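Per-entry structural report
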Amino acid sequence: MPGFLAQLALITFVVHIRSTTVWQFVVILLAIFSSIAVAFWKKRTRSDATTSLQAISCAAAALFGLMAGYLGLCLYRSTAFPEEYKRGEQIMTRVTWHNIFSGLAFHPRLARDFQIQLDDASIIRATGKYLVAHGEEMQTGRRWGGKSPRFTGMRWTPYDRAVRDLLIDTFCRRPWDCIVAMAYYKPVALVKNLAWLYGVRRSPSSLDLLTSPTVGNIVKSQVIQATERLDAQGLRQGPWTPMALVMMGLFAFPIRLVPESRHVGFAVLFLLFGSLIPVLVGYPVPHTIAEIGIMAGVTFHFLLITQFLHRRQ
C-alpha cells in the first residue's frame, strides 16, 4: 500500500501539470472495480474467503486513496489558482469539448463541411456559425469572447459549453460520419504517426490538418524540422532496436520472480487501452501521442519477454 500511495501521489502531480493524463485516474478506477468484482466472484465460488476479503479491503483502500488524491487536487486548484478561474469564465485545466470536436477534422467530409482543421481559430469560427444558425446571433459571440480581436478575450467556460452543443448536434444529425471519424480515420492516423515516431514512416500523418489560415504553416514546419533533427541525432528508433531490447531485457528476471505474472500483463493492457483514450477521443498528432507511443513499446517488450520466459520453462 505505501508503494501504491507513492505512485498515486506521482500520478496526481502529473495530472496537475498535464490535465489530459487524467485517463490514468480512469484506468486505476477501472482496475479497482475489476479487482473488487473478481474478489466477490472468487468469494462466492470458493470456500476460502480470507484471500478474497483481503483483496476487497486492499481495493477499497486503493479506491479511497484515489478519491482522496483527486479531491485533494481539486481543492488545491480551488484555493491556489487566481480569482479569475473561480468566476465561471475561465477553465482551470483546458477545454474538453473543443478538443473532442477538433478530432472530427480527420473526417474529410466533416472537415470540408465545417471548414475545420486542427487549429483553435477554425473551431471557434464553426461554433460561432452554429450559434448564429440557431438564433443566438452575435451577442453570444460577445459573451464568450468570440468577437474579440484574434480571439484574445476568450471566456473558455461558456465557449466550451457552446462547442458541446455543437458536438451533440453534429452527432445527432451525422452519427455515421462521427463514428467513422473515431473508429477509422483517427486509428489510421494514429498507426501512421506511431510508425513515424518509431522511424518506419518518413513523415507524420495528416500534416495538412496542422495548417491554419490564422498562423499559416508554422506548426507543420515545426513538425518537419523536429523530424529532421530527430533523424540527425538518431532519436527516432523503434522498440525493436538493440539498445531498447537490452534495456527492457533487464526486466525479464524481475518478471520471472512475480508469482502471478499475468497480473503484470493485466496492468500493461489496462495502461495500453487507457493511453488510447486521449488520442481517440481527441486527436492523434505528433504532440499528442507520447503516452500511447510509450505504452505501445512497453506492450511489445512485455510480450517479447513473456514469450522468451515461457519458452525457457
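Sequence positions are assigned chain by chain, starting from 1 and proceeding in written order. Thresholds applied to this predicted model are a pLDDT of at least 70 for local features of residues and 80 or more for the giving and counting of side-chain atom pairs; totals over whole chains, interfaces and linings are not thresholded and use all residues. Side-chain numbers here rest on the full set of heavy atoms in the structure, without hydrogens or water.

1. As for the side chain of K186
- If you trace the backbone, K186 turns up in helix α9 (residues 175–197).
- Think of it in three bands: with a 1.4 Å probe and only protein chains considered, a residue is buried below 20% of the maximum accessible area for its type, exposed above 50%, and partly exposed in between. Charged residues are defined narrowly, with Lys and Arg counted positive, Asp and Glu counted negative, and His plus the chain ends left uncounted. Salt bridges are identified by distance alone: a Lys or Arg side-chain nitrogen within 4 Å of an Asp or Glu carboxyl oxygen. In this structure, K186 is buried with no salt-bridge partner, the nearest side chain bearing the opposite charge being D177 at 13 Å. In DSSP terms, a helix is any run of H or I states spanning at least four residues, a strand is any run of E spanning at least two, and both are numbered starting from the N terminus.

2. So, the pattern of salt bridges
- Tallying each qualifying case throughout the model produces nine salt bridges.
- We note a salt bridge from R173 to D169, for which the minimum N-O separation is 2.8 Å. Within this pair, R173 and its partner D169 are both found in helix α8 (residues 156–173), separated by four residues, close to a single helical turn.
- Connected through shared salt-bridge partners, R109, R112, D113, R174 and D177 make up one network.

3. Notes on unusual backbone geometry
- Positive phi is not limited to glycine here, since Q115 has a value of about 55°.
- Looking at the secondary structure, you find Q115 in the loop between α5 (108–114) and α6 (120–133).
- Even without a glycine there, the phi angle at S206 is positive, about 60°.
- On the secondary structure map, S206 appears in the loop between α9 and α10 (218–232).

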